[in-house]
Amino acid sequence: MNNFDTLGLSENLTSVLEKLGFEQPTEIQEQAIPQLLKNEATDFIGIAQTGTGKTAAYGLALLDLVDPEFKSPQALIMTPTRELGQQIAKQLVEFAANNKAINVEVVYGGAAISNQIRALKKPTQVIVATPGRLYDLIKRKAVNLSAIKYLVLDEADEMLNMGFKEAIDEILEYIPGDRAIWLFSATMPAGIRRIVKHYMDAPIEVSINTAERVNKDIEHQYVTTKTSNKIPALRRFLDLNSNMRGIMFCRTKRETQKIADELGNQGYGVEALHGDLSQGQRDAVMKRFKARAMQLLIATDVAARGIDVDNLTHVFHHTLPDQLESYTHRSGRTARAGKKGISLAFINPKEGNRIAELERKNKIKFTAVEVPSIEDLTSSRMHNWANLIANTKVDDQADTILEEVQGKFANLSKEDLLKRLITSQLDHILARNRGEANLNEPQGGRGDRDRGSRTEKAGHTRYFVNIGAIDGVTTGDLIHFLSDASNVERQYFSQVTMQRNYSFFYLDEKQENGFADRFKGIEIEGHAIRVNRDDQQNKPKSKGKYKKKKEHRRGAGRKSGRRRKGAQTV
Ligand code: AMP
């Protein structure tokens, strides 16, 4: 067994590592640190991605190599994003707890340059910087790179992807020729090879087999569902496991914000992170995410680059990334530092081949999983609820309130009372899971079908009702109403698909006898309710006529006002 003492690090650092709980070096640390400490001018290439412990690999070596007595910058770490820069600086400051004379400064774009210029006036041994801002500071003569001995290019492939090639080239002009370059990159595209060839001298190369690492710690899963059902499906995963915490990746800024808004409005602890937010807003979101003030961060790939948050149980892919490499980057946000994690992709039936491609190219294996069923949710929720009730400490006011209300329950046995409480919980689950009961789709199907399209369901008949989303009801409300008006238990209704003005639902065949007739004569706020078996003539006849009614219905009171007398409230 190896530990940090055998890598050649000073006692100052190993004692800090012990305090931080770093027991064993990671593979990249084990391989890189002795090399980096050996020869000051050694050029080094580490092929390793975020999560492998590469920051500590170069950071610890740097802290032992720089001279605290010498007041000019000796080490420069270039990194693609502000977030990553801040995290690197934070780690270095932690590692340097016993080396108070070493000052680490971080500079990046999107923040006031004047503060950074002032900070750099202090004696500083290590600078962490994003390329654009550093170049700006060089031009303003606010930073002196003439004594740099170690240049670290961290996430070099990302820096090139982000268009920093020119800035890097320019900056290298200002750095002495006898410096060592340590380059860390998850991949080695041609652009990186050119940098290596141009600027580095016989580098030592260490490659951490990320595919194997990923395989070991991350469980790759996918579910097949319609695109329009991806969010309802995600909600079920969140509902089933309230302890899960993670990031969901989306492709566009708009989609990211829209999904975060939608989930937020439904009461989920989520926030969006994307490039349309100001730096201040992004910082605030990250702070809340790290403080565990939310369950899920909804982010674009660019915004989430370099995010270093431990203990994320899940990474979700609302849409798979275009580039296969991005999948590895995304999923690497979970299962960090030896922990296990799940990377779950939502794919529509047409995307099955992307999974096969990811498996082949990334040398990983995916497991197909099902979207939790309403029954799964019900069972989990009822268990949690029962535990909660059993473990609730009785409030001081409970006695007084009980005296006031117990008359209402006088005729109910304990069992009846419990059944009613359970029903109110069940209603909640139904209301939250509007739409189709089964969100799973077979692979290779027709893909995204219209939610209102006809699908056969054995032993069930499809019905039409002229109540729709415009009436401000949920599918849960609708089932309640149908059940109350027809005296058919709610369990016999399923697969409600709601359109703007009308809805379809399935009814168990055994309950069909006289079902539609029971709605005759029922009006809600002057609007005659019509229920029929589904056939073409059931569609609204005249759009103009219907529109008139719509306006009327829309103007009227929502949920409570439109319910038929005697209907239960969800
Ligand atoms: P990195 O790959 O540098 O982004 O590091 C990933 C995470 O692993 C960071 O939160 C580090 O603090 C943590 N870490 C790095 N090395 C070790 C280690 N040897 N033992 C425990 N945690 C580590």
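Quick caveat, the model's predicted, so the values are computed rather than measured. (Residues numbered from 1 in each chain as written. Predicted model: local features only at pLDDT ≥ 70, side-chain atom pairs only at ≥ 80, totals over all residues. Heavy atoms only, no water.)

S.K.: Any details on the environment of His527? Residues and values, ideally.
M.R.: Along the chain, His527 turns up in strand E19 (residues 527-528). Taking the relative accessible area as the measure of exposure, His527 reaches 4% and is therefore buried. Among the polar contacts listed, one links the side chain of His527 to the backbone oxygen of Asn466, at a separation of 3.3 Å. (Helix = DSSP H or I, 4+ residues; strand = E, 2+ residues; numbered from the N terminus. Buried < 20%, exposed > 50% of the residue type's maximum accessible area, 1.4 Å probe, protein only. Polar contact = N/O pair within 3.5 Å; in protein donor to acceptor, adjacent residues only side chain to side chain.)

S.K.: Break down the nonpolar core for me, citing the residues and quoting the values.
M.R.: The biggest cluster of nonpolar side chains holds 39 residues, and the ones touching the most others in it are Tyr58, Leu60, Ile77 and Trp182. Contributions of two or more residues to this core are made by helix H1 (11-20), helix H2 (27-38), helix H3 (54-65), strand E2 (75-78), helix H4 (82-95), strand E4 (126-129), strand E5 (150-153) and strand E6 (180-185). Per-element tally for this core: the top contributor is H3, with eight residues. (Core = buried A, V, L, I, M, F, W, Y, C linked by side-chain atoms within 4.5 Å.)

S.K.: How would you sum up helix H9 (residues 190-199)? Please name residues and give values.
M.R.: Listing the buried residues of H9 in full gives Gly191, Ile192, Ile195, Val196 and Tyr199. Axial view of H9: buried residues confined to an arc of 145 degrees, hence all on one face. Turned more than 90 degrees from where H9 packs its buried face, Ala190, Arg194, Lys197 and His198 sit exposed. In this fold, the buried residues of H9 make contact with strand E1 (44-47), E5, helix H7 (156-161), helix H8 (165-173) and E6. (Arc of directions from axis to C-beta. Contact = heavy atoms within 4.5 Å.)

S.K.: Any details on the site of the ligand? Residues and values, ideally.
M.R.: Residues in close proximity to the ligand total 17 residues, the closest being Gln24, Gln29, Gly51, Gly53 and Thr55. Gln24 places a main-chain nitrogen or oxygen 2.7 Å from a nitrogen atom of the ligand. Take Lys54: an N or O atom from its main chain is 3.4 Å from an oxygen atom of the ligand. By residue class, the composition of the shell around the ligand is four nonpolar, nine polar and four charged. Two domains each donate at least three residues to the shell around the ligand, and these are domain 1 (4-208) and domain 2 (213-372). (Near = heavy atom within 4 Å. Nonpolar A, V, L, I, M, F, W, Y, C, P; charged D, E, K, R; others polar. Domains from an automatic or database assignment.)

S.K.: I'd like to hear about the pattern of salt bridges, residue by residue, with values.
M.R.: Scanning the model with the defined rule gives 16 salt bridges in all. Members of the salt-bridge network, linked through shared partners, are Lys54, Asp154 and Glu155. (Salt bridge = Lys/Arg side-chain N within 4 Å of Asp/Glu carboxyl O.)

S.K.: If you had to explain the packing of H3 against H4 to someone new, which residues and values would you point to?
M.R.: Packed helix pairs are characterised by how far apart their axes lie and by the angle those axes make with each other. H4 packs onto H3 with a crossing angle of 50 degrees between their chain directions and a minimal axis gap of 10 Å. By the angle between their directions, the pair H3 and H4 is classed as oblique. Our pair here, H3 against H4, has a crossing hand that is right-handed. On the side of H3, the interface is formed by Thr55, Ala56, Tyr58, Gly59, Leu60 and Leu63, while H4 contributes Ile88, Gln91, Leu92 and Phe95. Its residues placed into classes, the contact of H3 with H4 shows seven nonpolar, three polar and no charged. (Axes fitted to C-alpha atoms, helices over the stretch in contact; angles between N-to-C directions. Parallel < 35°, antiparallel > 145°, perpendicular 65-115°, else oblique. Left-handed = near helix turned anticlockwise from the far one by under 90°.)

S.K.: Describe the confidence of the model for the protein, and please don't skip the residues or the numbers.
M.R.: In this model, the protein carries a mean pLDDT of 82, and residues with pLDDT of at least 70 account for 87%. Note that pLDDT drops below 50 for residues 211-215; the model gives that stretch 12 contacts with residues more than four away or on any other chain. (pLDDT = per-residue confidence, 0-100.)

S.K.: Hey, could you go over the sheet that holds E4 for me, with residue numbers and the actual values?
M.R.: On the basis of which strands lie adjacent, the open sheet formed by seven strands has the order E3-E4-E2-E5-E6-E1-E7 and parallel pairing. Of all the strands in the sheet, the pair left with one neighbour each is strand E3 (104-107) and strand E7 (204-207). Between one strand axis and the next, the sheet turns through 15 degrees on average, direction left out of account. Strand contacts of H2: E1, E6 and E7, with the helix running at about 175 degrees to E1, the strand carrying the most contacts. Packing against the sheet, H4 makes contact with E2, E3 and E4, and its axis sits at approximately 175 degrees to E3. (Pairing = 2+ DSSP bridges.)

S.K.: Could you give me a rundown of the side chain of Gln295, with the residues and numbers involved?
M.R.: Its location among the elements puts Gln295 in the loop between helix H13 (279-290) and strand E11 (296-300). Sequence-distant contacts of Gln295, that is, excluding residues within four places in its chain, are made with Leu238, Asn241, Ser242, Met244, Arg245, Gly246, Gly269 and Phe289.

S.K.: So, H1: which residues are in play, and what are the values?
M.R.: Where H1 is concerned, the buried positions are Leu13, Thr14, Val16 and Leu17. Burial along H1 is one-sided: seen end-on, the buried residues are contained in an arc of 160 degrees. Those residues of H1 that are exposed and aimed more than 90 degrees away from the buried face are Glu11, Glu18 and Lys19. Those residues of H1 that are buried lie in contact with H3 and H4. Note on H1: the residue one or two positions beyond its end, Gly21, has a positive phi of about 85 degrees.

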